[in-house]
Amino acid sequence: MLEAVLFFLIVVAGTAGELCVSRAMKSIGEVHEFSPKSILSFVLRSLRLPWMWLGVALMSVGFFSLLAILSFQEVSFVVPVSALSYAAGAFGAKAFLGERISRNRWMGIAVVCLGVTIVWWSKR
Amino acid sequence: MAIPEDFSVHGAFVLLIFLLFSNNGRNEHVTHTRRLQLKTIPLILISIILGPLGNVFLGKAMKSVGSLSSARTLDLVPIASRVLMSGYIWLGIFCLLVFFTVHMLLLTWADYSYVQPATSLSYVSITMLSYFLLGEVISPLRWLGVTVICFGVFLVGRTSPSTTGAPERA
């Protein structure tokens, strides 16, 4: 049960955090220059966005959940199962960022979920 | 464990990646492509190793403090301080930071749809690293699952990287 809660946090909070950061990044726009000065101004600008802070907070929740589950589960079990974030990412990107998910991509995601199911069966 | 089996799975994916590269070679700008590959392939290999290595170190650090599943809320502070004192946690965080930087660097010139299928191999390397470095026993069923996940991630990466505001290219 605890495992399920932690996996939920890793996958959902981690992915939601990435989506928030992605939203913040999109509102800043494409970066064309890579000089230290422009990168610094880019970082400072991104820190002014609430989406960025929400994203970092959610990603931290995901990271600490990962640490917690690693204290009692095998790495070769935890990391493959957290590939579920591909599915969470697709649903989130569709709902939250308005991205269109092609049929091929849904197929790939279904294969990932199948693989995660098989790895879950191998749990000890 | 069935090590030859593991390596044949790995070999199949390496072959797959090389097929991907040889396809690119048919481009008109052969020398340009070659030059790009020369810096792209080593960086992809680095990111395939470093990301999973970071997770392995995190796992090692967390295993050393004992299971959190039976810990009480009051125990969390001493556990956290023990985790922060462990060298492995910082090694893991360092690996993940370098991995993240290399990944970002790659994406400044390489297509996401090229980088992502290649990094699906990291699911194979995480399994091999936890076998060799952490001594985890990988059952054939788990290998099958990992291979299926790799294939799925590979499929996801082969689709168009940008779909917003453009007609669907299914």
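This write-up is about the structure you can find in this document. (Residues numbered from 1 in each chain as written. Chains lettered and ligands numbered in written order. Predicted model: local features only at pLDDT ≥ 70, side-chain atom pairs only at ≥ 80, totals over all residues. Heavy atoms only, no water.)

### Concerning the overall build of chain A
As a reminder, the rule being used: Segments assigned H or I by DSSP are reported as helices when at least four residues long, segments assigned E as strands when at least two residues long, and all are numbered from the N terminus. Each residue is placed in one exposure class: buried if its accessible area under a 1.4 Å probe, protein chains only, is under 20% of its type's maximum, exposed if it is over 50%, and partly exposed if it falls in between.
Per the secondary structure count, chain A includes six helices and zero strands. Listing each helix as α and each strand as β along chain A from the N terminus yields α-α-α-α-α-α. C-alpha atoms of chain A, sized along the principal axes, occupy 50 × 35 × 25 Å. By the burial criterion, 44% of the 124 residues in chain A qualify as buried.

### Points about the nonpolar core
We apply this condition: As used here, the term nonpolar core means buried Ala, Val, Leu, Ile, Met, Phe, Trp, Tyr and Cys residues forming a set that is joined through side-chain atoms within 4.5 Å. Contact criterion: two residues are considered in contact whenever any of their non-hydrogen atoms come within 4.5 Å of each other.
If you look at the biggest cluster of nonpolar residues, it comprises 41 residues, and the most contacted ones within it are F7, L70 and V78 of chain A together with M62, I89, Y123 and I149 of chain B. Top contributing element to this core by residue count: helix α2 (residues 30-64) of chain B, with seven residues. Excluding residues that lie within four positions of it along the chain, I89 of chain B makes contacts with L67 of chain A together with L58, A61, M62, V83 and L84 of chain B. L106, Y114, A118 and L121 of chain B belong to the second-largest nonpolar core, a separate cluster that totals ten residues.

### Topic: the interface of chain B and chain A
Going by this rule: Put simply, buried area is how much 1.4 Å-probe accessible surface two parts lose in total, over both of them, once they are put together. We define a salt bridge as a contact between a side-chain nitrogen of Lys or Arg and a carboxyl oxygen of Asp or Glu at a distance within 4 Å. Pairing of N or O atoms within 3.5 Å defines a polar contact, subject to two protein rules: one partner must be a possible hydrogen donor and the other a possible acceptor, and residues neighboring in sequence count only if both atoms are side-chain atoms.
Of the residues lining the interface, 43 residues belong to chain B; the matching set on chain A comes to 40 residues. Of the roughly 3400 Å² buried between chain B and chain A on both sides combined, carbon and sulfur atoms contribute 70%. Remark: the boundary between chain B and chain A carries one salt bridge. A salt bridge links R142 of chain B to E74 of chain A; the nearest nitrogen and oxygen atoms lie 2.8 Å apart. Between chain B and chain A we count seven residue pairs in polar contact (both at pLDDT 80 or more) in total. Mapped by element, the contributors of at least two residues to the side of chain B that touches chain A are α2, α4 (87-109), α6 (122-132) and α7 (140-157) of chain B. Of all the elements, α7 of chain B adds the most residues to the side of chain B that touches chain A, at twelve residues.

### Brief notes about the pattern of salt bridges
Residue and element names in this part refer to chain A. Scanning all chains against the criterion turns up two salt bridges over all chains. Linking E3 and K123 is a salt bridge whose minimum nitrogen-to-oxygen distance equals 2.8 Å. Remark: K123 occurs in the segment after α6 (103-121) and E3 occurs in helix α1 (residues 2-28); sequence separation between them is 120 residues. The exposure class of E3 is buried, given its relative accessible area of 13%.

### Remarks on the environment of R72 of chain B
With respect to the helices and strands, the residue R72 of chain B is situated in the loop between α2 and α3 (76-85). Through-space distance from the C-alpha of R72 of chain B to that of W90 of chain B is 25 Å; in sequence the pair is 18 residues apart.

### Points about the environment of I41 of chain B
Structurally, the position occupied by I41 of chain B is in helix α2. Considering only alpha carbons, one finds I41 of chain B and L76 of chain B, 35 residues apart in sequence, at a separation of 42 Å.

### Observations regarding the packing of α6 of chain A against α7 of chain B
Basically, it comes down to this: Lines fitted to the C-alpha atoms define the axes, with helices restricted to the stretch that makes contact. Angles between their N-to-C directions range from 0 to 180 degrees. Roughly parallel covers angles under 35 degrees, roughly antiparallel covers those over 145, roughly perpendicular covers 65 to 115, and oblique covers all other angles. In this scheme the handedness of a crossing depends on how the near helix is turned from the far one: anticlockwise by less than a right angle means left-handed, clockwise means right-handed. Three categories are distinguished: nonpolar for Ala, Val, Leu, Ile, Met, Phe, Trp, Tyr, Cys and Pro, charged for Asp, Glu, Lys and Arg, and polar for the others, with Gly belonging to the last.
The geometry of α6 of chain A relative to α7 of chain B is characterised by a closest axis approach of 7 Å and an angle of 165° between their N-to-C directions. Between α6 of chain A and α7 of chain B, the interaxial angle falls into the category roughly antiparallel. By crossing handedness, the relation of α6 of chain A to α7 of chain B is classed as left-handed. Between α6 of chain A, through R105, G108, I109, V111, V112, L114, G115, V116, I118, V119 and W121 of chain A, and α7 of chain B, the contact on the second element is made entirely by L141, R142, L144, G145, V146, V148, I149, F151, G152, V153, L155 and V156 of chain B. In terms of residue class, the contact of α6 of chain A with α7 of chain B is made up of 17 nonpolar, four polar and two charged.

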